[in-house]
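# Fold and contact review
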Amino acid sequence: MAQIVLKDVGITINGTELSDRSNSVEVNYEIESVEVTAFGGNRSFVGGLQNNTCTVELMQDFAAANVEATIFPLVGTQTTLTFEPVKSAGAPSTTNPTYTITGAYLASHTPISGGVGEVGMTSLTFTGGTLVKTVA
Amino acid sequence: MTTYKVLSDRFALGEIGKTVDSDALAGCNIAALVEAGHLAEVSAKSKSVTSEQDK
């Protein structure tokens, strides 16, 4: 398996393809460590609740049915996200798995962000939901 | 089941001009998709109901 350079990551937010407006993405999941250490032993942990966090950087676009129009009504709601390392690879496979998060919650959106002379960006952080990895 | 027409080429679950039903949109925030201009609800055609009348 070769290293991968991210050039063509597929990103859909609420069923909307926004890959060509993004330049950074991070999909993270973690399972909380719950301590069950008892007297007489070393520290011991078991898995607790899972949390998923997805951060997507988008270049803002106020055109119809584009970035801002898509994101604005999602704040305070849950939706579905999909991510794949190589969008053009087609169907999911072991070397190009698709990660789907249903019930991902978006708490906030910054429609206008950036300095003078910079590209207007918006950074989205989705949390929670259920993560499924698809390889076929 | 509600049917929606795809209005946007950014919508990944159906081609522009086609229709999708609410089952295919499971997990999506449909209200947000409509508000964003990606989908429009297709009005159901009302069926004409003819009642038999006693003559």
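Relevant structure appears above.
What comes next is a walk through the structure.

Counting its regular elements, chain A contains one helix and eight strands. Going from the N terminus to the C terminus, chain A shows its helices and strands as β-β-β-β-α-β-β-β-β. The C-alpha atoms of chain A give 18 Å as radius of gyration, which overshoots the globular expectation for 136 residues (14 Å, by more than 25%). Along the three orthogonal principal directions, the C-alpha set of chain A runs to about 65 × 35 × 25 Å. The proportion of buried residues among the 136 residues of chain A is 24%. Counting contacts in chain A only where the partners sit at least 6 residues apart, residues at least 24 apart contribute 64% of the total.

Okay, the overall build of chain B next. Counting its secondary structure elements, chain B contains one helix and three strands. When the helices and strands of chain B are placed in sequence order, the string is β-β-α-β. Within chain B, buried positions represent 29% of all 55 residues. Taking as baseline every contact in chain B between residues at least 6 positions apart, the subset at least 24 positions apart corresponds to 40%.

On to the sheet that holds strand β3 (residues 39–41) of chain B. All names here are of chain B. Sheet architecture is open: three strands sit in the order β2-β1-β3, paired in antiparallel fashion. Unpaired on one side and paired on the other, β2 (19–21) and β3 mark the two borders of the sheet. Neighbour-to-neighbour, the strand axes of this sheet turn through a mean angle of 35 degrees, independent of strand direction. Both strand β1 (residues 3–6) and β2 contribute to a ladder of three bridges, which runs antiparallel. By the bridge assignment, Thr-3 is partnered in β2 with Asp-21.

Attention shifts here to the pairing of strand β7 (residues 121–127) of chain A. All names here are of chain A. What you see with β7 is a clean split: Thr-122, Leu-124 and Phe-126 sit on the buried side and Met-121, Ser-123, Thr-125 and Thr-127 on the side with no burial. Pairing of strand β4 (residues 45–59) with β7, which is carried by seven bridges, proceeds in the antiparallel orientation. Its bridge partner being in β7, Val-56 is matched across the sheet by Leu-124. In terms of strand pairing, strand β6 (residues 98–106) meets β7 through two bridges, oriented antiparallel. When the bridges of β7 are listed, Tyr-105 appears paired with Thr-127.

Counting through the fold element by element, His-38 of chain B comes out in the loop between α1 (30–36) and β3. In this structure His-38 of chain B comes out as buried when scored by C-beta crowding, with 28 C-beta atoms within 10 Å. Each C-alpha atom, one on His-38 of chain B and one on Lys-5 of chain B, is 8.5 Å from the other, the two residues being 33 residues apart in sequence. Leaving out residues up to four positions away in the same chain, His-38 of chain B has contacts with Thr-16 and Ala-65 of chain A together with Leu-7, Ser-8, Arg-10, Phe-11 and Leu-33 of chain B.

Before going further, it helps to spend a moment on the environment of Ile-16 of chain B. Residue and element names in this part refer to chain B. Summarising the element assignment, Ile-16 is placed in the loop between β1 and β2. The exposure class assigned to Ile-16 is partly exposed, which follows from the 13 C-beta atoms found within 10 Å. Each C-alpha atom of the pair Ile-16 and Lys-5 lies 7.8 Å from the other, and the pair is 11 residues apart in sequence.

Counting residues at the interface gives 17 residues for chain B and 15 residues for chain A. In terms of residue class, the side of chain B that touches chain A is made up of 10 nonpolar, five polar and two charged.

Each value, and the rule that gives it
Residues numbered from 1 in each chain as written. Chains lettered and ligands numbered in written order. Predicted model: local features only at pLDDT ≥ 70, side-chain atom pairs only at ≥ 80, totals over all residues. Helix = DSSP H or I, 4+ residues; strand = E, 2+ residues; numbered from the N terminus. Rg over C-alpha atoms; globule rule 2.2 N^0.38 Å. Buried ≥ 20, exposed ≤ 12 C-beta atoms within 10 Å, placed from the backbone. Contact = placed C-beta atoms within 7 Å. Pairing = 2+ DSSP bridges. Axes fitted to C-alpha atoms, helices over the stretch in contact; angles between N-to-C directions. Nonpolar A, V, L, I, M, F, W, Y, C, P; charged D, E, K, R; others polar.

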